[in-house]
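Fold and geometry: a report
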Amino acid sequence: MSTAHDTVDFDEALAMFEPVLGIETHVELGTNSKMFCSCATAFGADANTQVCPVCLGLPGSLPVVNRTAVESTIRMGLALNCSIAPWCRFARKNYFYPDMPKDYQVSQYDEPLCFNGYLDVTVETDDGPRVFRVEIERVHMEEDTGKLTHAGGTTGRIHGADYSLVDYNRAGIPLIEIVTKPIVGTGVLAPQVAKAYVAELRDLMRALGVSDVRMEEGSLRCDVNVSLNLPGAEWGTRSETKNVNSLRSVERAVHSEIERQAAVLTTGGRVIQETRHFHEDTGRSTSGRSKEQAEDYRYFPEPDLVPVAPSEEWIEELRGTLPELPALKRARLQAAWGIGEHELQTIVNAGALELVEAAIADGVDPAAARKWWTGELARIANDRDLELTDLPVTSAQIRRVEELVADGSLNDKLARQVFDGVIAGEGDVDAVVAGRGLAVVSDDSSLLAAIDEALAAQPDVAEKIRGGKVQAAGAIVGAVMKTTRGQADAAKVRALLLERLGVSE
Ligand SMILES: [Zn+2]
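All values derive from a computational prediction rather than experimental measurement.

Below, the discussion takes up the overall build of the protein chain. The helix and strand inventory of the protein chain stands at 17 helices and 14 strands. Counting only C-alpha atoms and orienting by the principal axes, one finds that the protein chain spans roughly 95 × 55 × 50 Å. Counting only contacts in the protein chain whose residues sit at least 6 apart along the sequence, the fraction spanning at least 24 positions is 69%. Between the averaged position of the 51 positive side-chain charges in the protein chain and that of its 77 negative side-chain charges there is a distance of 2 Å.

We now examine the sheet that holds strand S4 (residues 104–107). Spatially, S4-S3-S14 is the arrangement adopted by the 3 strands of the open sheet, whose pairing is antiparallel. The open sheet has two free edges, formed respectively by S4 and strand S14 (300–301), since each of these has just one partner strand.

Here we come to the coordination of the zinc ion. Tetrahedral metal sites with four donors have an ideal angle of 109.5 degrees; octahedral sites with six donors have ideal angles of 90 or 180 degrees. Every protein donor of the zinc ion is accounted for by Cys37 (SG), Cys39 (SG), Cys52 (SG) and Cys55 (SG), and the metal-donor separations fall at 2.3 to 2.4 Å. Considering all 4 donor atoms around the zinc ion, the spread of angles at the metal, 100 to 116 degrees, places the coordination shape in the tetrahedral class. Linear spacing of the donor residues for the zinc ion on their chain is C-x1-C-x12-C-x2-C. A residue pair is termed long-range when its members are at least 10 positions apart, and Cys37 in the loop between strand S1 (18–28) and helix H2 (67–79) and Cys55 in the loop between S1 and H2 qualify at 18 residues. Residue Cys37 shares its accessibility class with Cys55, and that shared class is buried.

Let us look at the packing of aromatic side chains. Enumeration over the complete set of coordinates arrives at 4 aromatic pairs. With centroids separated by 3.9 Å and ring planes inclined at 5 degrees, the aromatic side chains of Tyr109 and Tyr299 adopt a geometry described as stacked. With Tyr109 in the loop between S4 and strand S5 (114–125) and Tyr299 in the loop between strand S13 (284–290) and S14, this residue pair connects regions lying 190 residues apart in the sequence. Centre to centre, the rings of Tyr297 and Tyr299 are 6.0 Å apart; their planes meet at 70 degrees, and the pair counts as edge-to-face. Sitting above the plane of the Tyr118 ring, Arg133 keeps its charged end 3.7 Å from the centroid.

Before going further, it helps to spend a moment on the pattern of salt bridges. Tallying each qualifying case throughout the model produces 35 salt bridges. The shortest N-O distance in the salt bridge between Arg276 and Glu257 comes to 3.6 Å. A residue pair is termed long-range when its members are at least 10 positions apart, and Arg276 in strand S12 (residues 274–279) and Glu257 in helix H4 (residues 247–266) qualify at 19 residues. In terms of burial, Arg276 and Glu257 fall into one category: buried. Among the salt bridges present, the one from Arg332 reaches Glu324, with a minimum N-O distance of 2.8 Å. Put simply, Glu257, Arg260, Glu274 and Arg276 are held in one network by salt bridges that share partners.

Pairing geometry for strand S10 (residues 220–229) and strand S11 (residues 239–244), over 4 bridges, is antiparallel. Its bridge partner lying in S11, Cys222 is registered against Val244. Strand direction decides the pairing type here: S11 and S12, joined by 3 bridges, are parallel. Looking at the pairing, Thr241 lines up with Arg276 of S12. What joins S11 to S12 is H4, and the crossover it makes is left-handed.

What follows covers the domain arrangement of the protein chain. Size of an interface, as often reported, equals the accessible area lost when the parts are brought together. Domain annotation for the protein chain reports domain 1 (10–318), domain 2 (350–435) and domain 3 (444–501). For domain 1 versus domain 3, the distance between C-alpha centres works out to 62 Å.

Note that Lys34 resides in the loop between S1 and H2. Within the buried core, Lys34 has no salt-bridge partner, and the shortest N-O distance to an opposite charge, that of Asp167, equals 7.5 Å.

A few words now on the state of the cysteines. Counted according to the given criterion, the structure contains 0 disulfides. Here Cys114 is not disulfide-linked; the sulfur of Cys82 is the nearest cysteine sulfur, at 5.6 Å.

Let us now look at the layout of surface pockets. Taken as a whole, the second largest pocket holds about 990 Å³ of empty space. Around the second largest pocket, the lining is made up of 43 residues, and of these Lys195, Leu247, Asn349, Ala350 and Glu387 lie nearest the centre. Taken together, the elements giving at least two residues each to the lining of the second largest pocket come down to S5, helix H3 (190–208), H4, helix H7 (341–349), helix H8 (353–361) and helix H10 (376–383). Considering every element that reaches the lining of the second largest pocket, the biggest residue donor is H3, with 8 residues. Looking at the lining of the second largest pocket residue by residue, the class counts come to 15 nonpolar, 12 polar and 16 charged. The residue makeup of the lining of the second largest pocket includes at least three contributed by each of domain 1 (10–318) and domain 2 (350–435).

This part takes up unusual backbone geometry. Positive phi outside glycine occurs at Asn48, with the angle close to 60 degrees. For Asn48, the position within the fold is in the loop between S1 and H2. Note on Asn48: relative accessible area 33%, which makes it partly exposed. Located in the positive-phi region is Asn116, a residue other than glycine, with phi close to 55 degrees. Taking the relative accessible area as the measure of exposure, Asn116 reaches 43% and is therefore partly exposed.

How each quantity is defined
- Residue numbers run consecutively from 1 along every chain, following the written order of its sequence.
- Given that this is a predicted model, residues contribute local features only at a pLDDT of at least 70 and side-chain atom pairs are listed and counted only at 80 or more, while totals for whole chains, interfaces and linings are drawn from all residues.
- As a convention, hydrogens and water are excluded, and side-chain values are obtained from all of the structure's heavy atoms.
- Each helix is a run of DSSP H or I of at least 4 residues and each strand a run of E of at least 2, with the numbering of both proceeding from the N terminus.
- Contacts are residue-level and defined by heavy atoms, with any inter-residue pair within 4.5 Å sufficient.
- Asp and Glu count as negative and Lys and Arg as positive, but His and the ends of the chain are not part of the count.
- Lysine's charge is taken at NZ, arginine's at CZ, aspartate's at CG and glutamate's at CD.
- Paired strands, as defined in this entry, are two strands with at least two bridges between them according to DSSP.
- Atoms are scored as donors when they are N, O or S and lie within 2.8 Å of the metal, with 3.2 Å used for Na, K and Ca; no water is included, so coordination may look incomplete.
- Angular criteria define each label, namely tetrahedral for four donors with all angles between 85 and 135 degrees, square planar for four and octahedral for six donors with opposite donors over 155 degrees apart and remaining angles between 65 and 115, and irregular for whatever fails these tests.
- Relative accessibility under 20% of the residue-type maximum defines a buried residue, over 50% an exposed one, and the middle range a partly exposed one, all with a 1.4 Å probe and only protein chains included.
- Aromatic rings from Phe, Tyr and Trp, with only the six-membered ring used for Trp, were paired whenever their centres fell within 6.5 Å, and each pair was classed as stacked if the ring planes differed by under 30 degrees, edge-to-face if by over 60, and tilted otherwise.
- Charge over a ring is defined by NZ of Lys or CZ of Arg lying within 6 Å of the ring centre and within 35 degrees of the ring normal.
- For this document, the term salt bridge refers to a Lys or Arg side-chain nitrogen within 4 Å of an Asp or Glu carboxyl oxygen.
- By definition, the crossover connecting two strands over a helix is right-handed if that path, from the first strand to the second, turns clockwise as seen with the strands pointing away from the viewer.
- What counts as a domain boundary in this text is fixed by an automatic or database domain assignment.
- The rule for a disulfide is simple: a pair of cysteine sulfur atoms within 2.5 Å.
- A cavity here means a set of points on a 1 Å grid, drawn over the protein atoms and nothing else, where a 1.4 Å probe fits but cannot get out; a pocket is an open set with protein on both sides within 12 Å along at least five of seven lines, and a residue lines either one if it has an atom within 4 Å of a point.
- Grid points are joined across faces, edges and corners, and a volume is the space filled by probe spheres set on the points.
- Classification convention: Asp, Glu, Lys, Arg as charged; Ala, Val, Leu, Ile, Met, Phe, Trp, Tyr, Cys, Pro as nonpolar; all other residues, Gly among them, as polar.

Laid out in structure tokens, this is it:
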């Protein structure tokens with residue numbers, strides 16, 4: 001039997017097996033009040049201060065549906081090219097766990113509000129951008145559960161905890177769940193397709209204004225299903241990795257699960273149907289519980305709520321409120337910026353489209369906006385495990401760095417260090433330049449002093465250059481760059497050096 005740490009290399013795994021993905025996404029809607037009561041939904045309030053008899057499930061309390069939540073769900077369904085049910089009901093999902101005081105969650109079961117849609121996503125391949133159509137099984141409404149905190153254990157999970165705390169502020173916040181149909185045919189692009197799909201969903205919801213989609217606050221959470229099968233064979237048994245909470249983690253979770261399952265299958269094991277927990281720190285998952293079947297939840301129609309029956313007129317009215325959708329917006333920006341599809345996709349994949357757009361609107365040169373947000377800033381965010389949007393860099397700061405590069409006070413290498421300082425909280429651009437002593441050394445006398453020092457330290461090299469071996473100059477230039485900590489223009493140092501020694505190229 002294979003352990004969680006035995007893996008087969010990703011490319012090897014996909015040379016043998018075909019992956020099938022499924023993604024369930026829960027999104028907290030940005031309504032002011034909860035799904036079935038008028039309690040507030042603001043994030044970060046003191047525990048159990050945003051509760052009432054309805055969301056605490058007290059006897060005799062009756063729920064009422066939040067109209068805005070229904071509207072948001074229909075708009076999301078329309079944007080995902082779904083059919084909208086003319087009549088549907090809520091259902092009780094029964095389970096025994098203290099995160100829901102009623103012992104059931106109100107959800108939708110066999111009558112989702114929206115169904116049979118699709119979302120096209122683009123991923124970058126060696127042969128250029130490739131579009132995958134991700135089919136949507138359903139978009140349904142439900143309420144969020146409360147938040148449990150398990151204290152005293154080492155894992156933060158209930159097993160081994162001394163006690164648990166529960167906060168019902170989140171219980172009853174409107175959620176929509178978006179479920180894909182099985183995603184096949186991705187091959188080695190599976191992790192990127194999964195990530196691109198979640199990114200596209202996020203952008204879509206932001207554009208619709210139905211949710212703030214802050215993944216770090218848990219307002220968008222993904223469960224990622226993965227299975228592997230031999231080419232032409234039946235689909236394999238799938239695992240479900242729960243609560244994958246960043247775009248990067250979606251990609252990593254699919255990647256690592258493919259490697260894990262391939263190891264199980266190639267060592268004669270059997271993949272078991274289970275939920276797994278993804279760990280951000282290791283990029284791997286561990287086994288959770290074996291998966292409940294739908295019948296374990298004893299779903300039945302919610303008797304306390306009237307059915308939802310949106311009229312044709314209402315649906316058309318909501319269709320009229322759809323904004324420019326992200327795919328169309330990208331096409332428009334690509335044309336406006338005069339860049340190729342590949343270049344645009346690089347910006348999108350870096351998660352930088354809105355940031356670049358905002359920077360350009362703030363007067364940053366378009367090429368500079370693209371260069372910094374998809375280059376150095378993306379690298380820093382990746383190194384620090386942050387979303388690009390979390391970097392505290394403003395358009396004004398990018399403009400200032402560009403000014404300093406243009407007037408020769410900074411070179412690219414120094415500019416990168418300036419951003420590093422800005423992000424580290426060392427102050428604004430000029431403060432970092434001053435604080436770190438970052439400026440191109442341009443006055444000849446200090447450069448000549450550094451050159452003389454380097455020549456004195458390496459007299460044999462100096463002799464070679466004097467004797468006509470101009471290619472030896474690199475050693476002296478390198479030494480000067482080192483003593484000036486990269487703050488000199490290498491071409492200029494070289495010219496000064498040769499002049500100093502009376503040698504020409
Ligand atoms: Zn309430």
